[in-house]
Amino acid sequence: MGIRQSIDLKLIALLVDPFTKEKPFEFRSALRDASRFLVLYQGKDPVQLEKTVTSLRSVFPEGGIHVLRLADEPVLPRKSAGISETAIPVPKQTYWKLSRSEELKAFIRKRFDVFLDLDQGNSPAGAYLCRAMRIPVRIGMVKPQSEKFYNFVYNGKAEASSEQKIDGLIRFLKSFVSST
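Below or above, wherever it landed, is the structure these notes cover. Sequence order as written defines residue numbering, which begins from 1 separately in each chain. Under the rules for a predicted model, residues below a pLDDT of 70 receive no local features and side-chain atom pairs below 80 are neither given nor counted, while totals for whole chains, interfaces and linings still include all residues. As a rule here, side-chain values cover all heavy atoms of the structure and leave hydrogens and water aside.

On to the overall build of the protein, then. A count of helices and strands for the protein gives seven helices and six strands. Going along the chain from the N terminus, every DSSP run of H or I of four or more residues is numbered as a helix, and every run of E of two or more is numbered as a strand. Each helix and strand of the protein, ordered N terminal to C terminal, gives the series α-α-β-α-β-β-α-α-β-α-β-β-α. Once the C-alpha set of the protein is aligned to its principal axes, its extents read approximately 40 × 40 × 35 Å. Relative accessibility decides the category of a residue: with a 1.4 Å probe and only protein chains considered, values under 20% of the type maximum give buried, values over 50% give exposed, and everything between is partly exposed. Taken across its 180 residues, the protein has 48% of its residues classed as buried. Contacts are assigned to residue pairs that have any heavy atoms within 4.5 Å of one another. Taking as baseline every contact in the protein between residues at least 6 positions apart, the subset at least 24 positions apart corresponds to 62%. Summing over all exposed atoms, the protein offers an accessible surface of approximately 9,400 Å²; the carbon and sulfur share of this is 54%. None of His or the chain ends enter the tally, which takes Lys and Arg as positive and Asp and Glu as negative. Think of each charge as sitting on NZ of Lys, CZ of Arg, CG of Asp or CD of Glu. Each charge class in the protein can be summarised by its mean position, and for the 29 positive and 20 negative side chains these summaries are 4 Å apart. Computed with the Shrake-Rupley method and a 1.4 Å probe, the accessible areas treat only the protein chains shown as cover for residues.

Glancing now at the pairing of strand β4 (residues 114-117). Along β4, one buried face is formed by Val-114 and Leu-116 and the opposite face, lined by Phe-115 and Asp-117, is buried too. In short, DSSP must find at least two bridges between two strands for them to pair. Sheet topology note: the strand β1 (residues 36-40)/β4 ladder contains four bridges and is parallel. Within β4, the residue paired with Leu-40 across the bridge is Asp-117. As paired elements, β4 and strand β5 (residues 137-141) share four bridges and run parallel to each other. Across the sheet, Val-114 pairs through a bridge with Val-137, a residue of β5.

Next up on the list: empty space enclosed by the protein. Only protein atoms enter the 1 Å grid, on which a cavity is a set of points fitting a 1.4 Å probe that cannot get out and a pocket is an open set with protein on both sides within 12 Å along at least 5 of 7 lines, lining residues being those with an atom within 4 Å of a point. Grid points are joined across faces, edges and corners, and a volume is the space filled by probe spheres set on the points. Applying the stated rule across the entire model yields two cavities of 30 Å³ or more. Here the largest cavity defines a volume of roughly 80 Å³. Lining the largest cavity are 12 residues, and of these Leu-9, Ser-123, Ala-127, Lys-143 and Pro-144 lie nearest its centre. Considering only residue class, the lining of the largest cavity consists of seven nonpolar, four polar and one charged. In this model, the second largest cavity occupies a volume close to 60 Å³. Leu-31, Phe-37, Leu-38, Val-39, Leu-56, Phe-60, Ile-65, Val-114, Phe-115, Leu-116 and Leu-173 together form the lining of the second largest cavity. Any residue outside Ala, Val, Leu, Ile, Met, Phe, Trp, Tyr, Cys, Pro, Asp, Glu, Lys and Arg is labelled polar, Gly included; the first ten of those are nonpolar and the last four are charged. Grouping the constituent residues of the lining of the second largest cavity by class yields 11 nonpolar, no polar and no charged.

One can find Thr-86 in strand β3 (residues 83-87). The class for Thr-86 is buried, based on a relative accessible area of 18%. Aside from chain neighbours lying at most four places away, what touches Thr-86 is His-66, Val-67, Leu-68, Arg-69 and Phe-107.

It is worth spelling out the pairing of strand β2 (residues 64-69) at this point. Summarising burial for β2: five of the six residues are buried, a large majority. Strand direction decides the pairing type here: β1 and β2, joined by five bridges, are parallel. Following the sheet pairing, Leu-38 is matched in β2 by His-66. In terms of handedness, the path from β1 via helix α3 (residues 46-59) over to β2 forms a crossover that is right-handed. Two elements, β2 and β3, share five bridges in a ladder whose sense is parallel. The residue bridging Leu-68 from the neighbouring strand is Thr-86, located in β3. The path from the first strand over the helix to the second decides the hand: if it runs clockwise while the strands point away from the viewer, the crossover is right-handed.

Structure follows, in structure tokens:
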């Protein structure tokens, strides 16, 4: 992680409302009861995104899935029932750019039950959205300082590709939700 990303994460931890007064919850029940899912996808591959969303849909068939991309345009090749996508251009994802984006401020007012950050890089966007949106269940991939922002962090195998890590996380969620 570079100095810029480290500074951004520290700024987010200090300046964006911390998770105070957050009540403990049972993770499995919270996932099973969730109906509104936000997925942060930073990739550009429409095939991978569609595969990911289809897999999530099989795990959470009743939930509405909303994909957020911090890019110029959506990439989902086709829309499906219960699946939506928003693209918000935020070049150079730093704390200052994220916190000053009017489109992102408007988006943050939306309510979701589960936040799934699929970014495996060091972008501060996921951390910022965790704090700013106050989503109760926050799931992210392992990255520096992730324990400050997510209540579940998926590690996966170090040698696995990005696609394999996302597939592994979805398989884990499926086994977690379907087990008794």
